Amino acid sequence: MNKPLIATTSLAGCFGCHMSIMDLDDRILQLIELIEFNKSPINDIKTLSKECDIGIIEGGCANSDNIRLLKEFRKNCRVLIAVGECAIMGGLPAMRNNSASISECLQEAYIDCVSVQANDEGLIPNDEELPMLLDQVYPCHEIVKIDYFIPGCAPRADLIWDVLTALISGKKMELSYECFKFD
Ligand code: SF4
């Protein structure tokens, strides 16, 4: 029997949610008995080569490439899961939504911020190869339909395990109170 195919990607995220998948530790070995990974930073496969059963999205949409990739996942994944606060609500990158404009945001990030240490010429990246920044950072469900949300920053590995194994086995699962409590 063919194993379910899973693809994962990071949009405007920090890869912490993927680190949580790696925190499955030795259960990763059990997981690859149950599923096969397609495109994912976990196996370094760069492109979606087949229709997948489950797509896992970390991060929200901050630029045009994030939108393209999210739509590609929606088109090619039967079930799409937003993992972590950045994918669900925009997360830390969405702090820039409070800036009046993209130019103000870039000015702060590359020139004015106290942590900028080596930009004497006051350069702001503008290579045409760079994806266009969006007017604000969008959670994934505002761009495409999302089937499931796994909360947390990052979600606990146990929770990711429970969701994936429930989906693969077709069993129902309930999110416990601890999944939403971050103190
Ligand atoms: Fe990183 Fe947290 Fe965002 Fe996941 S939800 S990408 S861990 S900041």
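Preceding block: the structure.
What this report covers is the structure whose coordinates are included nearby. (Residues numbered from 1 in each chain as written. Predicted model: local features only at pLDDT ≥ 70, side-chain atom pairs only at ≥ 80, totals over all residues. Heavy atoms only, no water.)

The next thing to look at is unusual backbone geometry. Negative phi is the rule for most residues except glycine; trans is the rule for most peptide bonds. Following Cys 153, the chain continues into Ala 154 via a peptide bond in cis, with omega recorded as -10°. Even without a glycine there, the phi angle at Asp 25 is positive, about 55°. Residue position: Asp 25 is located in the loop between α1 (16-22) and α2 (27-34). A relative accessible area of 53% places Asp 25 in the exposed class. Of note in this structure, Asp 44 is not a glycine but carries a positive phi near 65°. By the element assignment, Asp 44 lies in the loop between β2 (36-37) and β3 (52-58). Note on Asp 44: relative accessible area 49%, which makes it partly exposed. (Helix = DSSP H or I, 4+ residues; strand = E, 2+ residues; numbered from the N terminus. Buried < 20%, exposed > 50% of the residue type's maximum accessible area, 1.4 Å probe, protein only.)

This part takes up the packing of α2 against helix α6 (residues 157-169). Packed helix pairs are characterised by how far apart their axes lie and by the angle those axes make with each other. Interhelical geometry of α2 versus α6 gives an angle of 20° and a closest axis separation of 12 Å. Here α2 is positioned roughly parallel relative to α6, judged by the angle of their axes. Pair α2 / α6 crosses with left-handed handedness. Between α2 and α6, the residues in contact are Arg 27, Gln 30, Leu 31 and Leu 34 and Asp 158, Trp 161, Leu 164, Thr 165 and Ile 168, respectively. For the contact of α2 with α6, the residue count by class is five nonpolar, two polar and two charged. (Axes fitted to C-alpha atoms, helices over the stretch in contact; angles between N-to-C directions. Parallel < 35°, antiparallel > 145°, perpendicular 65-115°, else oblique. Left-handed = near helix turned anticlockwise from the far one by under 90°. Contact = heavy atoms within 4.5 Å. Nonpolar A, V, L, I, M, F, W, Y, C, P; charged D, E, K, R; others polar.)

This next bit is on the side chain of Thr 8. Relative to the elements of secondary structure, Thr 8 occurs in strand β1 (residues 5-10). Judged by its relative accessible area of 0%, Thr 8 is buried. Side-chain polar atoms of Thr 8 contact the side chain of His 18, separated by 2.7 Å. In this structure Thr 8 touches His 18, Phe 37, Lys 39, Ser 40, Pro 41, Ile 56 and Phe 73, once residues within four positions along its chain are discounted. (Polar contact = N/O pair within 3.5 Å; in protein donor to acceptor, adjacent residues only side chain to side chain.)

Quick look at the environment of Val 137 now. Turning to its location among the elements, Val 137 is positioned in strand β6 (residues 133-138). The buried category is assigned to Val 137, whose relative accessible area is 2%. For the pair formed by Val 137 and Asn 63, sequence separation is 74 residues and the distance between their alpha carbons is 7.8 Å. Those residues within four positions of Val 137 in sequence are excluded, and the remaining contacts are Cys 61, Ala 62, Gly 90, Pro 93, Ala 94, Arg 96 and Asn 97.

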